[in-house]
Structures are given as structure tokens and as C-alpha cells.
Amino acid sequence: MTDALRPAWSEPFLDGRRDALRRERPIAALDRDAAFGGSDGSGVLVAVIDSGVDGANPAVGGRLVESVRVELAEDGPVVIPDPEAIDVVGHGTACAGIIHELAPGAEIVSVRVLGPDNRGKGAVFAAGLEWAIERGAKVVNLSLSSRSEALMGVFHDLADRAYFANVLLVCAANNVPGPSYPSLFASVVSVAAHDVPDGWTWYYNPRPPVEFGARGVDVEVAWRDGGRIVATGNSFAAPHIAGLAALVLGKHPSASPFEVKAILAATADR
Amino acid sequence: MTREERLLRAIAARSETARRLEGGGGEAVLRSVVEATVALFEAEAASIALFDAASGRLVFEVAAGEQGHGVIGLSIGPDQGIAGYAFTTGQALALSDVASDPRFGRSVAEKTGYVPRSIVAVPLVDDEGTIGVLQVLDKRDGQAFSLRDVELAGVFARQASVAIRASRVERDTAALLRATLRWLAGAGDITGGAAETELEPEDEAALDALVRRATDDLAQDESDGLWRLADRVARLRDADPASVELLVDLLDVLVRRAEKTSRSRHRGSAATGRGDPDA
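Because the structure is a prediction, the values reported are computed rather than measured. (Residues numbered from 1 in each chain as written. Chains lettered and ligands numbered in written order. Predicted model: local features only at pLDDT ≥ 70, side-chain atom pairs only at ≥ 80, totals over all residues.)

*Asks:* What exactly am I supposed to notice about the overall build of chain B here?
*Replies:* A count of helices and strands for chain B gives 9 helices and 6 strands. Scored against the burial criterion, the 279 residues of chain B give a buried share of 36%. Pairs at least 24 apart in sequence give 58% of the contacts found in chain B among residues at least 6 apart. (Helix = DSSP H or I, 4+ residues; strand = E, 2+ residues; numbered from the N terminus. Buried ≥ 20, exposed ≤ 12 C-beta atoms within 10 Å, placed from the backbone. Contact = placed C-beta atoms within 7 Å.)

*Asks:* What am I meant to see in the sheet that holds strand β5 (residues 139-142) of chain A here?
*Replies:* Two orientations exist for strands paired in a sheet by backbone hydrogen bonds: parallel and antiparallel. Residues and elements named next belong to chain A. What the 9 strands build is an open sheet, ordered β3-β2-β4-β1-β5-β6-β7-β9-β8; its pairing is mixed. The open sheet has two edge strands with one neighbour each: β3 (76-81) and β8 (203-204). Each of β1 (45-50), β2 (64-73), β4 (107-112) and β5 touches helix α2 (residues 91-102); the most contacted strand, β1, lies at about 155° to it. (Pairing = 2+ DSSP bridges. Axes fitted to C-alpha atoms, helices over the stretch in contact; angles between N-to-C directions.)

*Asks:* Would you mind going over the packing of helix α3 (residues 122-135) of chain A against helix α4 (residues 152-164) of chain A with me for this structure?
*Replies:* How two helices pack is summed up by the angle between their axes together with the distance between the axes. All names here are of chain A. Two elements in contact, α3 and α4, have axes whose closest approach is 10 Å; the angle formed by their N-to-C orientations is 10°. Judged by the angle between their axes, α3 and α4 are roughly parallel. The handedness of the crossing between α3 and α4 comes out as left-handed. Residues Ala126, Leu129, Glu130 and Ile133 of α3 pack against Val154, Phe155, Leu158, Arg161 and Ala162 of α4. For the contact of α3 with α4, a count of residues per class yields 7 nonpolar, no polar and 2 charged. (Parallel < 35°, antiparallel > 145°, perpendicular 65-115°, else oblique. Left-handed = near helix turned anticlockwise from the far one by under 90°. Nonpolar A, V, L, I, M, F, W, Y, C, P; charged D, E, K, R; others polar.)

*Asks:* What is the right way to look at the packing of helix α5 (residues 234-251) of chain A against helix α6 (residues 257-266) of chain A in this model?
*Replies:* All names here are of chain A. Where α5 meets α6, the axes come as close as 10 Å, and the angle between the chain directions of the two elements is 110°. One element, α5, and the other, α6, form an angle in the roughly perpendicular class. Of the residues in α6, those touching α5 at Ile241, Leu244, Ala245, Val248 and Leu249 are Val260, Ile263 and Leu264. When grouped by side-chain class, the residues that make up the contact of α5 with α6 number 8 nonpolar, no polar and no charged.

*Asks:* Even after reading the chapter, I still don't get α2(A), so can you show me in this structure?
*Replies:* Residue and element names in this part refer to chain A. Here α2 contains 12 residues, and its C-alpha end-to-end distance of 17 Å stays within 8% of the 16 Å for a straight helix at 1.5 Å per residue. Along α2, 11 of the 12 residues are buried, which leaves the element largely enclosed by surrounding structure. Regarding α2, the residues found buried are His91, Gly92, Thr93, Ala94, Cys95, Ala96, Gly97, Ile98, Ile99, His100 and Leu102. (Expected span 1.5 Å × (residues − 1).)

*Asks:* Help me understand the nonpolar core, please; the structure alone is not making it clear to me.
*Replies:* Looking at soluble globular proteins, one finds that nonpolar side chains tend to be buried together. Residues and elements named next belong to chain A. In this structure, Val46, Val140, Val170, Val191, Ile241 and Ala245 are the most contacted members of the largest nonpolar core, which totals 144 residues. With 11 residues, the top contributor of residues to this core is α5. Residue contacts for Val170: discarding those within four places in its chain leaves Val139, Val140, Asn141, Leu142, Val189, Val191, Ala238, Ile241, Ala242 and Ala245. (Core = buried A, V, L, I, M, F, W, Y, C linked by C-beta atoms within 7 Å.)

*Asks:* Before we go on, may I ask you to explain the interface of chain A and chain B in this structure?
*Replies:* You'll often see interface size given as the accessible area lost when the parts meet. Facing the 37 residues of chain A at the interface are 30 residues of chain B. Ranked by residues supplied to the side of chain A that touches chain B, first place goes to strand β11 (residues 228-232) of chain A with 4 residues. Looking at side-chain class alone, the side of chain A that touches chain B contains 16 nonpolar, 15 polar and 6 charged residues. By the bridge criterion, 3 bridges tie β11(A) to strand β4 (residues 93-96) of chain B in an arrangement that is antiparallel.

*Asks:* I'm lost on the environment of A:Arg18 in this one. Help?
*Replies:* All names here are of chain A. Its location among the elements puts Arg18 in the segment before α1 (32-36). Note on Arg18: 18 C-beta atoms within 10 Å, which makes it partly exposed. Through-space distance from the C-alpha of Arg18 to that of Pro239 is 21 Å; in sequence the pair is 221 residues apart. Aside from chain neighbours lying at most four places away, what touches Arg18 is Phe13, Tyr203 and Arg270.

*Asks:* Is there a simple way to think about unusual backbone geometry in this case?
*Replies:* Most peptide bonds adopt trans geometry, and most residues besides glycine take a negative phi value. All names here are of chain A. In this chain, Tyr181 is followed by Pro182 through a cis amide linkage whose omega measures -5°. With respect to the secondary-structure elements, Pro182 resides in the loop between β6 (168-172) and β7 (189-194). Across the junction of Pro208 and Pro209, the peptide omega takes the value 15°, indicating a cis bond. In this fold, Pro209 is placed in the loop between β8 and β9 (212-215). The phi angle at Asp218 is positive, at roughly 50°, despite the residue not being glycine. For Asp218, the location among the structural elements is in the loop between β9 and β10 (219-222). Overall, the presence of 19 C-beta atoms within 10 Å leaves Asp218 in the partly exposed class.

*Asks:* What's the story with the pairing of strand β1 (residues 43-52) of chain B in this structure? I'm lost.
*Replies:* Regular strands show a simple pattern: their side chains alternate between the two faces of the sheet. Residue and element names in this part refer to chain B. Among the 10 residues that make up β1, 7 are buried, leaving the element largely enclosed by the rest of the structure. Here β1 pairs with strand β6 (residues 129-139) via 7 bridges, running antiparallel. Counted as the bridge partner of Ala46 is Val136 from β6. Both β1 and strand β2 (residues 57-64) contribute to a ladder of 7 bridges, which runs antiparallel. Its bridge partner being in β2, Leu50 is matched across the sheet by Val59. What sits between the antiparallel neighbours β1 and β2 is a turn of 4 residues, in which Gly56 has the positive phi angle 70°.

*Asks:* How should I be thinking about the environment of A:Gly90 in this particular structure?
*Replies:* Residue and element names in this part refer to chain A. Counting through the fold element by element, Gly90 comes out in the loop between β3 and α2. A tally of 30 C-beta atoms within 10 Å means that Gly90 is categorised as buried. Measuring from C-alpha to C-alpha, the distance between Gly90 and Gly213 comes to 23 Å, with 123 residues separating the pair along the chain. Those residues in contact with Gly90, other than ones at most four positions away along the chain, are Trp223, Arg224 and Gly227.

*Asks:* Mind showing me how you'd approach helix α3 (residues 81-89) of chain B here?
*Replies:* It helps to recall that an α-helix has 3.6 residues per turn; residues three or four apart then point in one direction. Residue and element names in this part refer to chain B. Most of α3 sits inside the fold, with 9 of its 9 residues counted as buried. Inspection of α3 places Gly81, Ile82, Ala83, Gly84, Tyr85, Ala86, Phe87, Thr88 and Thr89 among the buried residues, and these make up the whole buried set. Phi turns positive, to about 75°, at Gly90, one or two residues after α3.

*Asks:* Where do I start with the sheet that holds β1(B) in this structure?
*Replies:* Taken in spatial order, the 8 strands line up as β10(A)-β11(A)-β4(B)-β5(B)-β6(B)-β1(B)-β2(B)-β3(B) in an open sheet, and their pairing is antiparallel. Looking along the sheet, the strands with just one partner apiece sit at the ends: β10 of chain A together with β3 (75-76) of chain B. When β4(B) meets strand β5 (residues 119-126) of chain B, the two strands line up antiparallel, connected through 3 bridges. Note on β5(B): the bridge partner recorded for B:Ala94 is B:Val120. Sheet strands touched by α2(A): β10 and β11 of chain A. Its angle to β10(A), the strand with the most contacts, is close to 110°. Running over the sheet, α3(B) touches β1, β2, β3, β4, β5 and β6 of chain B and is turned about 30° from β5(B).

None of the figures reported here should be taken as evidence of function without further support.
Laid out in C-alpha cells, this is it:
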């Protein structure tokens, strides 16, 4: 498949195209109540790997329990505490806010891999992901990806480690063609945006690599310094699915990544 | 200097002249990309910022649209604002109601003389990573950018990346020379792409030394008459036909004079005119 011909990831989820998502479901449509009724995500730790999370932003509801940042030292990336919990852009706070909106009981840990001191190098990102897996997060939201071919092996290994440790990686699909890790690996949940203004509407796409469509157009999100902003992008679709996964895991703590994926597919609007 | 080295120097000098005569061919492609973007989106402005490794900043290189030009030459930190976010994460995104939030990158926007309501930012990506950002500001009909717009901007960004990659390779004489030599040595392709077979480190070092000798002091002296001439000729591209005609007549006279002087100098001494690469 040449890059130029690769379809735009959000295309299958847009108005007018969604009829193509209809299919004979292998599992009967599951009742959402059975999937996560009564759960608010309590007991589930969700990691947000991004630009940091502003813990004081009301949208995060005080659920930020830990903040770290990754810095590039001479002999490689190091993870250090970031007790001030700042967000250098606003983007990580936006993602955390969406997760909190859907799963208000979930605890959030922020891993800042972007900041004034680095350019979000792939190695820093990989170190952040590794830390999140080891920290015991059950869901990791990745509204960013790396294009470094050199790090493909590293990310593949981390995606496998997450999968075998029952950690669900939820990744925003990239709008720009070309390699994108780990968002295009089979074991992760890859998410693009749909244009329905409802966070509780999501779609399953039986034609991977992008399997889920969630709200990502004109979403009012929290931003840095307590602000709010209206934003569009796959970045904002991923945390919707991360929030839903937290709800499922709140009700079914033993569910493995593939079971959570199957439950989300079976409870999708289409 | 060996015959081969003299030959390489000659190639380098001619390639440098051609590069200067091309006069920002790469920029012309970038400009056409932002102009097409403005037209297609019916946007107030579009711009391209490229990462400048020397300063570590994103520099706005070209812009189009009624409100676009104020941004040219401005630079921002690579993680500043929405352009910085798209650059550092490689994620495309769109924001609306930007102006209503006073915290959002307003200081940069105000420097350009135009504070947008909505922005689309998509990363410019080539095989080696993210090299810059394409931004589109405000649709003229006041509507917000849709997801389709974000994806469409991504297609334009891809065009721009290809153009930048191509023009960077041509624009850099040393890189061109190195790519050619590597290709002759059987490593890498002529476009400067990734090598299929690696050269031994000592061959790599020898190649670097060769390229350095061929390009050394090539562009050191910007006041060199030949480069000044090349730059002027490049600028003539925008001149009207009558001026070009006049200049051709003037040049005819000058060239005849130069030939005459050169002949008489050759008779008088062994010195040759500067700018003759075979000298």
C-alpha cells in the first residue's frame, strides 16, 4: 500500500459513510448496562502520555494522582517526578478531561513526554510508555505517536509487553500517512474521530487498522491555565475510548485487552 | 590538486551556480502549496513553518492569503502554540474559538497582526521525521474547520514535504555531490535516500574529505562577482520582457569586452579570470 493511497482514517466514521460499518455481528450486540453499568471507572488507573496534565483544572476533577516527566539525559531518557503537574501545551489536560468526563472515578497518572526541554523525541516517548506499563496503569491513552522507523522494534516490544501485562493501549490514529508507532500495531486500540457531537456514541470499524471511531470534531475541551477550547482531531477521539475502557475495567477488572476490545465492539453504535 | 579533484570542484561550482540561478525554487513550490491551500479552503491565510536546526526554532517561511503575510520570518519555540504541538507530536489538529481564549498563543498571533478564530495545523513529515508545520487560518465564510479539512490539509502537507525534501537535496551542493559519489560507489540512491549497502567508515571519511575539498570556500565569499551575478540573474525572473531584452543587449557588450580582456591577459600573463572553475 503506497502512502498516497492510504485512506484517511476518519473517513469510515463520517456522516454518509457509516452505513458501510453495518455487518453481521459475531457476538450479539451487548447491552451497555452489562458492559459497564454502575461503573464510574473506580479502581482503574489511566495513564495519559502527553504534554502533561494540569491537575488543578476543574475538568480533571482532582483525579490526577501522580505526574512524572521524561527527560533526555546523557545516557538516555530518565523518568523523574513532576510534582508541579504542569501542562506545557494544554493537550494532555484536554485528554485527561475527556477521560474524567466519561469515567469520573478513574484515577489519572500523567507522563509528560513533551516540554520545553525536549522535542518529544521517540526515545523519550518510549521511556514514558514503559514507565506507564510498569506503574500498573490498566489503560494508557496515547494521543501521539512516533514516526521513527528506528524505534519500531522498541515500540513493538512495548506494545507486546503491555498486552501480556493486561494493559490496554489506546492510540489516536494519525491523519498523516506513513509509519506511526504504536498506533498501527495490531494489539493496540487505534481510534479515529467521528463527527457526531456525542461522547457516548462510538463505532467499530471491521476494516482495520483503525478499529474505533469516537467523538473528535468540535469537542469543547479543557486547555492549559484553566482554559477551555474547541478542538478537532483524532487526539480527542482516543481519550473517549480510553474513558469507556476504564468503565468496562471498573466493572470487569479481570478483562484482558482483547476482551475489552471485544466488549467495546459489541456495545458500539454500529 | 588531482585531475579528479579539479573535476569535482568544477562540478561543485557549476552546481552552486545553477542552485543560485534557480533562486529559491523550493520556496516557489512551498508558496504554491500555501496559495493552493488558501484557495481550496477559502481561508484567510495559510503558512508553512520549518524547523531550523541551527536555532532550534520553527521559522515561518512562506504564507499566503490576505491575512497571511505578517507571519513570514517569525519564529516560535518548537513546542509553542498549536503549530508547536503539531510539530512535536506529529498529530494534526484543529481548534476553533481560539481568539476567545486569551491564553492561547495570542502573543505570537498578535505579532503577525492577525489573531485567528480557528486554526488547522498539520505536521510536515518526511522519511526522516517531522520537518515543519502547515497551518490554515479561518475559513472566510466563518465556518469551523471539519475533520475532512484536517485530512485535506494533511494531503497538502504531504505535497509540501515532498517538495521540501526535493529542494533541500538540490539546494545543497555538498549534499548533491555526496549523494552522487555515494551512488557511484554503489551505496545509496541518487536522490540522497537511504543507503542499501553501507560504506566502510574509512570510505565514508574519505568521501567527506573529498566533498569538503570540492566545496570548500565555494560559497564563502558572498561578494564574489560570479555569485553576485548569479543572484542578480535569478532575480531577473520577475522582470518584464523589455528589461530582459535590454539586459541581454548590455550583456552582449560586456561579454565581448570580457573576451577581449581575457585574450589580452592571456597574452600578457598566465593569470586567468576568477570564476573559471577549471582554473
